[in-house]
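Structure at a glance
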Number of protein chains: 2
Amino acid sequence: MIGILGGGQLGRMLALAAARLGMRSHIYCPDPDSPAFEVTPHKTVAAYDDEAALAAFADAVDVITYEFENVPAATAEFLAARKPLRPGANALAISQDRLAEKAFLAAKNIPVAPYRAVTSTAELDTAIAELGLPAVLKTTRLGYDGKGQRIIRQPDEAAAAFDALSPKPLVLEAFVPFDKEISVVVARNVAGEVRAFDPAENVHRHHILFTSTVPGDIPPGIAKHAAMLAKVIVVALDYVGVLGVEFFVVPGTERPSLLVNEIAPRVHNSGHWTEAVCLTDQFEQHIRAVLGWPLGDTTRMADVVMENLIGDEVLSIPAALTGATQPHLYGKSEARPGRKMAHINRITAKT
Amino acid sequence: MIGILGGGQLGRMLALAAARLGMRSHIYCPDPDSPAFEVTPHKTVAAYDDEAALAAFADAVDVITYEFENVPAATAEFLAARKPLRPGANALAISQDRLAEKAFLAAKNIPVAPYRAVTSTAELDTAIAELGLPAVLKTTRLGYDGKGQRIIRQPDEAAAAFDALSPKPLVLEAFVPFDKEISVVVARNVAGEVRAFDPAENVHRHHILFTSTVPGDIPPGIAKHAAMLAKVIVVALDYVGVLGVEFFVVPGTERPSLLVNEIAPRVHNSGHWTEAVCLTDQFEQHIRAVLGWPLGDTTRMADVVMENLIGDEVLSIPAALTGATQPHLYGKSEARPGRKMAHINRITAKT
């Protein structure tokens, strides 16, 4: 029995992958309308700080994982004291704090954009003086899909940006004129085995992932370097499970280079293409790792473009399912604007 | 909400495919320990002739399908009067009666082995005189995995074979010296669209499917002819869903020919390879058809050998999961001898 914190589409897809491996899943989520509750009879509807519910959940399962990086630290510690928590509390602590994440990466010589911690407008002024403008001011916690950040183009925008963002502290990042975003989904298991999927080229729309294309238009040297950096990160974290790494490809005078934008200690939206065309997909890979099993072969059998369907776009299904398409719908009851409802993989022969 | 009769591995894999399409599944099965109960919170544990339970089940779902051809006719009629039953009662009636199936196929000019209906030892003697020996005496109903049949090699074995088999009536089939068994999984949807997967070459062990290999060692003309015959069958049945067709490849003086051994109105063990290497697998294809959706693309991306793991063989997992393998475990609580516990797809580059 695998315990999964979080009942959204990622938890749901993890539970489906666990079922294919003969496992049962127990979903823990405060939202009684969670889509993952529809794929297993075992659930807990409770807050993440409900210690009685957490203790009963831990008793009911053999190993615990999660679908989102914002599991509260106290929750992670409480559970990790009772059952194996994979990935571990350390990966959570680092990835849910943008400042801790950048410090960790920089300490391992992983390239990140220049940044400064900002706890006051005075520190923000100093940071702007050091990094220049434009720059991006971000919350260190709870940011996602473009939320929790402001671009500062002129010095007189700084105070308003500082006031607008919460929770504090913040981090100022130098604005990087990148060519494109790519990502690598990488896995490491209990035995220390490490495997990466092919890198994807990602396009966003309204700050939400729109498409992931594999193979992307990525120089081979950059693709190899991205995979290597992703592997360095999971080894440095002593990580167990699947991790998503987002990179910026930055043009250079001689050749482009890579910066890590952020890491996510979980299966990743930009890895949904793996389900359609890889021998092992990211969900099965995560479950294999969490179970202490050998990792699966990540070979890609075809080329693919994954497209997210947001809000009403899901209504294009089933009519849009012509040609070489593989859909995955999340079973959400209401197609609210901006809500990820489904994705479609469009598949073509391998180039 | 899709209602599924039967809670074994096929029902489980159908429910998992339905979940990927955003659907909910309600499993109906008399066995409280059914593996399909672990992949949905919606279940009914009741006998197939429990009309109150069947009525409540029909009320709870939008469309009904099944994982096995031995759904009692009265159950099928009861449900079909309340909600769409796909495939329909006609396909069930034909495929659960070996004699009706052969008569149907013969009437559509689909080649089958010579056969005679046998309701008495006198009829058996006449049938033996007409078809010759060896021949195979089979029950018309409830036979599977080699159960419910006897080979008769000498006339003096006839009476004992007749007495041993039940339920009556029986059918005597001429013994066909076939080269190999192949099978085609074919689908037809509500709109009448028809698509077949590539034929598989099947090897049995102890009368249970052991491996399905795709591509098999099958002459191209035979492969095309098998797909065509499978398509003719689903059109003739006005069928909605996935159907498995087993063929014997019979050597001939000029070229080999095909006989239909049997048809199964459901997803088929010899189609489990599709999950690993096809754009759409047989489970999703069945759900698409049952929902009235467009059929999916059946393109195969790689070569594959599917191997069933029977009884204790499942204990080879996870250690056996090295190389290009994709496992599927059924989550059965007890590995009894002869019980299908899992399968592994072994994948190689497309030839």
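As shown above, the structure is provided for reference.
Quantities reported herein were computed from a predicted structural model and do not represent experimental measurements. (Residues numbered from 1 in each chain as written. Chains lettered and ligands numbered in written order. Predicted model: local features only at pLDDT ≥ 70, side-chain atom pairs only at ≥ 80, totals over all residues. Heavy atoms only, no water.)

**Topic: the pattern of salt bridges**
Residue and element names in this part refer to chain A. Taken as a whole, this structure holds 36 salt bridges over all chains when the rule is applied. Note that Arg205 is salt-bridged to Glu313, the shortest N-O span being 2.8 Å. Note that Arg205 is positioned in strand β11 (residues 200–205) and Glu313 in the loop between β15 (303–310) and β16 (325–329), a separation of 108 residues in sequence. Via salt bridges that share partners, Lys102, Lys138 and Glu173 belong to a single interconnected network. (Salt bridge = Lys/Arg side-chain N within 4 Å of Asp/Glu carboxyl O. Helix = DSSP H or I, 4+ residues; strand = E, 2+ residues; numbered from the N terminus.)

**Some thoughts on the interface of chain A and chain B**
With 40 residues of chain A at the contact, the number on the chain B side is 39 residues. Here chain A packs against chain B, burying approximately 3000 Å² in sum over the two surfaces, 60% of which is carbon and sulfur. The largest contributions to the chain A side of the interface with chain B come from Arg20(A), Glu38(A) and Met301(A), which together make up 19% of the buried area. Scanning the region where chain A abuts chain B turns up 9 residue pairs in polar contact (both at pLDDT 80 or more). Every element with two or more residues in the side of chain A that touches chain B is listed here: α1 (9–20), α9 (274–277), α10 (282–291) and β16 of chain A. Sort the elements by how many residues they give to the side of chain A that touches chain B and β16(A) lands first, with 5 residues. A breakdown of the residues in the side of chain A that touches chain B according to their chemical character gives 23 nonpolar, 9 polar and 8 charged. (Contact = heavy atoms within 4.5 Å. Buried area = accessible area lost by both parts, 1.4 Å probe. Polar contact = N/O pair within 3.5 Å; in protein donor to acceptor, adjacent residues only side chain to side chain. Nonpolar A, V, L, I, M, F, W, Y, C, P; charged D, E, K, R; others polar.)

**Observations regarding the pairing of strand β14 (residues 257–264) of chain A**
Residue and element names in this part refer to chain A. Counting buried residues along β14, 6 of its 8 residues qualify, which places the element largely inside the surrounding structure. Relative to β14, strand β13 (residues 241–250) is paired through 7 bridges, and the arrangement is antiparallel. Note that in β14 the partner of Phe247 across the bridge is Val260. From the end of β13 to the start of β14, which pair antiparallel, there are 6 residues. (Buried < 20%, exposed > 50% of the residue type's maximum accessible area, 1.4 Å probe, protein only. Pairing = 2+ DSSP bridges.)

**Observations concerning helix α8 (residues 220–236) of chain B**
All names here are of chain B. The terminal C-alpha atoms of α8 lie 24 Å apart, and with 17 residues this matches the ideal 24 Å at 1.5 Å per residue to within 8%. Taken together, the buried positions of α8 are occupied by Ile222, Ala223, Ala226, Ala227, Leu229, Ala230, Ile233 and Val234. Along the axis of α8, the buried positions cluster into a sector of 160 degrees, meaning they face one direction only. Opposite its buried face, α8 presents the exposed residues Pro220 and Lys224, each directed more than 90 degrees away. Looking one or two places after α8, you find Asp238, whose phi comes out positive at around 50 degrees. (Expected span 1.5 Å × (residues − 1). Arc of directions from axis to C-beta.)

**Some remarks on the sheet that holds strand β7 (residues 149–152) of chain A**
Residue and element names in this part refer to chain A. Here we have 4 strands laid out as an open sheet, ordered β5-β8-β6-β7, and antiparallel in their pairing. Edge positions in the sheet fall to β5 (115–118) and β7, since each of these pairs with one other strand and no more. Within this sheet the neighbouring strands show an average axis-to-axis angle of 25 degrees, counted without direction. One ladder, built from 4 bridges, connects β5 with strand β8 (residues 170–174); its direction is antiparallel. Its bridge partner lying in β8, Val118 is registered against Leu170. Packing against the sheet, helix α5 (residues 98–107) makes contact with β5, β6 (135–139) and β8, and its axis sits at approximately 145 degrees to β5. Where helix α6 (residues 121–131) meets the sheet, its contacts fall on β5, β6, β7 and β8, and the angle it forms with β5 comes to roughly 170 degrees. (Axes fitted to C-alpha atoms, helices over the stretch in contact; angles between N-to-C directions.)

**Here's the deal with the sheet that holds strand β4 (residues 63–66) of chain A**
Residue and element names in this part refer to chain A. One open sheet holds the 4 strands; their spatial order is β3-β2-β1-β4, and the pairing between them is parallel. The two strands at the open ends of the sheet, each matched to only one other strand, are β3 (42–44) and β4. Within this sheet the neighbouring strands show an average axis-to-axis angle of 25 degrees, counted without direction. Two strands pair when backbone bridges link them, and strand β1 (residues 2–5) and β4 are joined in this way by 4 bridges, in the parallel orientation. When the sheet's bridge partners are listed, Ile2 is paired in β4 with Val63.

**Section: the packing of helix α2 (residues 51–60) of chain B against helix α3 (residues 73–80) of chain B**
Think of two packed helices as two axes; the pair is described by the angle between the axes and how far apart they sit. Residue and element names in this part refer to chain B. Running from N to C, α2 and α3 point in directions that differ by 40 degrees, and their axes come no closer than 10 Å. Comparing their axes, α3 and α2 come out oblique. By crossing handedness, the relation of α2 to α3 is classed as right-handed. Across the interface between the two elements, Glu51, Leu54, Ala55, Phe57 and Ala58 from α2 touch Thr75, Phe78 and Leu79 from α3. For the contact of α2 with α3, the per-class residue count stands at 6 nonpolar, 1 polar and 1 charged. (Parallel < 35°, antiparallel > 145°, perpendicular 65-115°, else oblique. Left-handed = near helix turned anticlockwise from the far one by under 90°.)

**Describing the side chain of Asn345(A)**
All names here are of chain A. The topology assignment puts Asn345 in strand β17 (residues 340–348). Within the structure, Asn345 has its side chain in polar contact with the backbone oxygen of His272 (distance 3.4 Å). The contact partners of Asn345, leaving out residues within four places of it in the chain, are His272, Trp273, Ala276, Val304, Val305, Met306, Ala324, Thr325 and Gln326.

**Some words on the relation of the copies chain A and chain B**
Once turned by 180 degrees and shifted 0.0 Å along the axis, chain A lies on chain B with an RMSD of 0.0 Å. What we have between these two chains is a two-fold relation. (Least-squares fit on C-alpha atoms with pLDDT ≥ 70 in both.)

**Remarks on the packing of aromatic side chains**
All names here are of chain A. Inspection of the entire model under this criterion finds 10 aromatic pairs over all chains. Aromatic side chains Phe197 and Trp273 sit 6.3 Å apart centroid to centroid with 80 degrees between the ring planes, which places their arrangement in the edge-to-face category. Taken together, the positions of Phe197 in the loop between β10 (194–196) and β11 and Trp273 in the loop between β14 and α9 put the pair 76 residues apart, joining distant regions of the chain. Site record: aromatic cluster; members linked through ring pairs are Tyr28, Tyr48, Phe57 and Phe68. A cation sits over an aromatic face here: Arg82 above Phe78, 3.7 Å from the ring centre. Directly above the ring of Phe210 sits Arg205, whose terminal nitrogen or CZ lies 4.0 Å from the centroid. (Phe/Tyr/Trp six-rings, centres within 6.5 Å; stacked < 30°, edge-to-face > 60°. Lys NZ or Arg CZ within 6 Å of the ring centre and 35° of its normal.)

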